[in-house]
Amino acid sequence: MADLKHEIERRRTFAIISHPDAGKTTLTEKFLLYGGAISLAGAVKGKKNARHAVSDWMEIEKQRGISVTSSVMQFNYEGYCINILDTPGHQDFSEDTYRTLMAADSAVMVIDAAKGVENQTRKLFKVCVMRNIPIFTFINKMDRESRNPFDLLEEIEKELGIKTYPVNWPIGSGKEFKGVYDREKRHIISFEANNGTKEVAATEVDLSDESLADIIGRRNYETLTEDVELLDGASEEFNMELVNSGKLSPVFFGSALTNFGVEPFLENFLKMTTPPLPRNTPDGVVDPFDPEFSAFIFKIQANMNKAHRDRIAFMRICSGKFDKDMEVLHVQNGRTMRLSQPQQLMASEREVISEAYAGDIMGVFDPGVFSIGDTICSPKKKVKFEGIPTFAPEHFARIRQKDTLKRKQFIKGTTQIAQEGAIQIFSEPQSGFEEVIVGVVGVLQFEVLEYRLKNEYNVDIIREGLPYEHIRWITSEKHLEGGLDELNKLILTSDTKLIQDVKGNYLLIFTSEWNIKWALDKNPGLELAEFNRD
Ligand code: G4P
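The model shown is predicted, which means the values in this text are computed figures rather than measured ones. Per chain, the residues get numbers from 1 upward, laid out in the order the sequence is written. Confidence filtering applies because this is a predicted model: local features only for residues at pLDDT of at least 70, side-chain atom pairs given and counted only at 80 or more, and all residues used for totals across whole chains, interfaces and linings. Side-chain measures were taken over the full set of non-hydrogen atoms in the model, leaving aside hydrogen atoms and water.

## Some words on the environment of Phe510
With respect to the helices and strands, Phe510 occurs in strand β30 (residues 506–510). We call a residue buried when its accessible area falls under 20% of the maximum for its residue type, exposed when it is over 50%, and partly exposed in between, using a 1.4 Å probe and counting protein chains only. For Phe510, a relative accessible area of 0% puts it in the buried group. When the C-alpha positions of Phe510 and Pro467 are compared, they lie 8.3 Å apart, and in sequence the two are 43 residues distant. Here, two residues are considered to be in contact whenever any of their heavy atoms come within 4.5 Å of each other. In this structure, Phe510 is in contact with Tyr468, Glu469, His470, Arg472, Thr496, Asn515, Ile516, Ala519 and Leu528, ignoring residues within four places of it in sequence. Going along the chain from the N terminus, every DSSP run of H or I of four or more residues is numbered as a helix, and every run of E of two or more is numbered as a strand.

This is the structure in structure tokens:
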């Protein structure tokens, strides 16, 4: 038991978010270097490439220079066991990002010091706020000409509506970037350039040390003493409670590429973040230290390796310990089972594991039974986690297979891709799935769908864009009980359409907000919901 407590206490599970190119991959790689999980810079980038090689549909990702999938890595550092969740950077995949954040206990937001808050930072930040998780900021690329640090903090506070607390402060920028000042210890850590290895030469000098001006240069010294005075007088008080509720972001400065300030960040961050947090269920809170195993599925990815046609379900362990031979209950379908090929990603490879603890992310082979949001737990103690909400799609298209003989593959492909949560599929009532209506959050997903159907299922499709932009699930008892007869009586504009999702729920799709209001006005008692939490 002592072992279980110790193992869970040392876990830290966080997501990294950033606008593309801010340096998320480089920073992750440096973390792995410190953890000894890789020995050479470049290994993670190498992994990005290796992934492309094994997974053809990620060609799209490569061609566009974006990351459409998210991955998970685990490594050890100074007694901590760290799980990093990488988030996709493209705006179209905010839904996937949301799911990934469901599995994290905190987030690290990487910001480019020359660019400040960028478009995608804003979007990802909004998703973090929905989860109320602590957000730590790493202002990167200080080795390049950067904006004034005070301006950067002001921009974060104004644009994102979160308070900031600089834990350390940069000394100079660009070629003049000498190191960081640690506000708590009141000393500076100055760095010397290195060639990307772990051993960055760092000297620690007290702020009051007379030799400081010689080490960092007179001008930097003067700016620093002025800045420190300003910071001590004006900056927000550090308050861990505000950090934990996502209202105050501890800020660190550094350069991932040259390794300046990365280790001080990692050390402080790990001290400030919490071990796995309790999770809510409709029947109460699940304590991570409860010895009975529980987990929920937040991501499903098919065909990661085309040669094996495998489908992996990723789950976040919420309590207890997982043993590879244990029997678990899949709550949604009520069956007990053994999880097959449990695995974790260790830096560059998938590794089969025999045990895992609360806080860990584990992938298992999915024979097609799991859905996003499902709970897996010990049969001795049944729990059911709150589902992951389905985002309302904003773009719709009708699709069908070009070659009618490929019907089976077409249905299989669209259904499987929908189960992964990349798209949502709908049909017209009573039409079966003769033609499929696809709804997506971002238009790029249409391209991914088309590409994957062709490459993984050998089906060419015809896609016809539809003008709908809003979707609402019908929730009023009266209408649901009356079934299709009752629903056909609804008074709707001619450009409003009644459809069904894969579970048979009825929905309406609209071309404008105005039409939603019209439907509600004309049909007393009609109730509509924007999200479906089934
Ligand atoms: P991302 O995952 O957030 O998209 O960013 P990534 O780490 O891939 O970094 C984007 C680019 O920024 C890379 O350059 C990387 O080397 C550079 N970079 C990251 N951190 C720093 C830093 O602290 N300082 C400086 N000066 N550059 C940094 P690239 O030329 O696009 O790629 P590559 O040729 O280095 O692979």
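## Let's talk about the pattern of salt bridges
Only one rule defines a salt bridge in this text: a Lys or Arg side-chain nitrogen within 4 Å of an Asp or Glu carboxyl oxygen. The full count for this structure, using the stated rule, is 26 salt bridges. Linking Arg316 and Asp105 is a salt bridge whose minimum nitrogen-to-oxygen distance equals 3.1 Å. Pair noted here: Arg316 is in strand β15 (residues 311–319) and Asp105 is in the loop between α5 (94–102) and β4 (106–112), with a separation of 211 residues, a long-range link. When its relative accessible area of 0% is taken as the criterion, Arg316 is described as buried. Using a relative accessible area of 3% as the deciding quantity, one classes Asp105 as buried. Ionic pairing is found between Asp325 and Lys324, a salt bridge with its closest N-O pair at 3.5 Å. Look at Asp325 and you get exposed, because its relative accessible area is 51%. Connected via shared salt-bridge partners are Glu7, Arg10, Arg11 and Asp360.

## A few points about a negative patch on the surface
Grouping into patches uses exposed residues only, defined as over 30% relative accessible area, and leaves out salt-bridged ones; the cut-off is 9 Å for like charges and 5 Å for nonpolar side chains (Val, Leu, Ile, Met, Phe, Trp, Tyr). For the area figures, the Shrake-Rupley method with a 1.4 Å probe applies, and any residue is considered shielded solely by the protein chains shown. Note that His is not counted, nor are the chain ends; the positive residues are Lys and Arg, and the negative ones are Asp and Glu. Here the site of a charge means atom NZ of a Lys, CZ of an Arg, CG of an Asp or CD of a Glu. A surface patch of like charges, here negative, comprises Glu394, Glu469, Glu513 and Glu530. Within the secondary structure, Glu513 sits in helix α15 (residues 513–522). On the accessibility criterion, Glu513 (51% relative accessible area) is exposed.

## Let's talk about the packing of helix α2 (residues 24–34) against helix α11 (residues 262–272)
Relative orientation of the contacting elements α2 and α11 amounts to 80°, with a least axis distance of 10 Å. Taken together, α2 and α11 sit at an angle that is classed as roughly perpendicular. In this structure, α2 contributes Leu27, Lys30, Phe31 and Tyr34 to the contact, and α11 contributes Val262, Glu263, Phe265 and Leu266. For this classification, Asp, Glu, Lys and Arg are treated as charged, while Ala, Val, Leu, Ile, Met, Phe, Trp, Tyr, Cys and Pro are nonpolar and the rest, including Gly, are polar. Partitioned by chemical class, the residues of the contact of α2 with α11 number 6 nonpolar, no polar and 2 charged. What counts as an axis is a line fitted to C-alpha atoms, over the stretch in contact for a helix, and the angles between N-to-C directions run from 0 to 180 degrees. Roughly parallel means an angle under 35 degrees; roughly antiparallel, over 145; roughly perpendicular, 65 to 115; everything else is oblique.

## Some remarks on the sheet that holds strand β31 (residues 528–529)
Two strands are said to pair when DSSP picks up at least two bridges between them. The strand order across the open sheet built from 8 strands is β27-β24-β26-β25-β29-β30-β28-β31, with neighbouring strands paired in antiparallel fashion. Every other strand in the sheet has two partners, leaving β27 (461–466) and β31 as the edge strands with one partner each. Together, β24 (395–401), β25 (424–427), β26 (436–440) and β27 form the strand contacts of helix α12 (residues 407–419), whose direction differs from that of β24 by roughly 150°.

## Some remarks on unusual backbone geometry
Of note, the phi angle at Asp21 is positive, near 85°, even though the residue is not glycine. Tracing the backbone through its elements, the reader meets Asp21 in the loop between β1 (11–18) and α2. Taking the relative accessible area as the measure of exposure, Asp21 reaches 68% and is therefore exposed. With a phi close to 45°, Glu78 is a non-glycine residue in the positive phi region. Relative to the helices and strands, Glu78 resides in the loop between β2 (72–77) and β3 (80–86).

## A look at the sheet that holds strand β11 (residues 248–253)
The strand order across the open sheet formed by 7 strands is β2-β3-β1-β4-β5-β11-β6, and the pairing between neighbours is mixed. For this open sheet the edge positions go to β2 and β6 (163–166), each flanked by a neighbour on one side alone. This sheet shows a mean twist of 30° between the axes of neighbouring strands, independent of strand direction. The sheet strands contacting helix α7 (residues 149–160) are β4, β5 (135–140), β6 and β11, and the helix crosses β6 at an angle near 150°.

## Here's the deal with the packing of aromatic side chains
For any two aromatic rings, the description comes down to two numbers: the centre-to-centre distance and the angle of the planes. Side-chain rings of Phe, Tyr and Trp, where Trp is taken by its six-membered ring, are said to pair if the distance between their centres is within 6.5 Å; with planes under 30 degrees apart they count as stacked, over 60 as edge-to-face, and otherwise as tilted. Inspection of every chain in the model, using the stated rule, returns 14 aromatic pairs. Aromatic rings pair up to connect Phe14, Phe31, Phe136, Phe138, Phe252, Phe265 and Phe269 into one cluster.

## Thoughts on the nonpolar core
The nonpolar side chains of a soluble globular protein tend to be buried with one another. Here the nonpolar core consists of buried residues drawn from Ala, Val, Leu, Ile, Met, Phe, Trp, Tyr and Cys, with membership extended through side-chain atoms lying within 4.5 Å. Of all hydrophobic cores here, the largest spans 83 residues; its most connected members are Ile139, Leu224, Phe293, Met315, Leu339, Met362 and Phe370. The dominant element in this core, judged by the number of residues it contributes, is β15, at 6 residues. When neighbours within four sequence positions are excluded, Leu339 is seen to be in contact with Met315, Phe322, Lys324, Val328, Met362, Val364, Phe370 and Ile376.

## Notes on the confidence of the model for the protein chain
Of the residues in the protein chain, 87% have a pLDDT of 70 or more, and the chain-wide mean is 85. Note: pLDDT gives the predictor's confidence per residue, expressed from 0 to 100. Contacts of residues 45–57 to residues separated by more than four positions or lying in other chains number 30 contacts, the stretch itself having pLDDT below 50.

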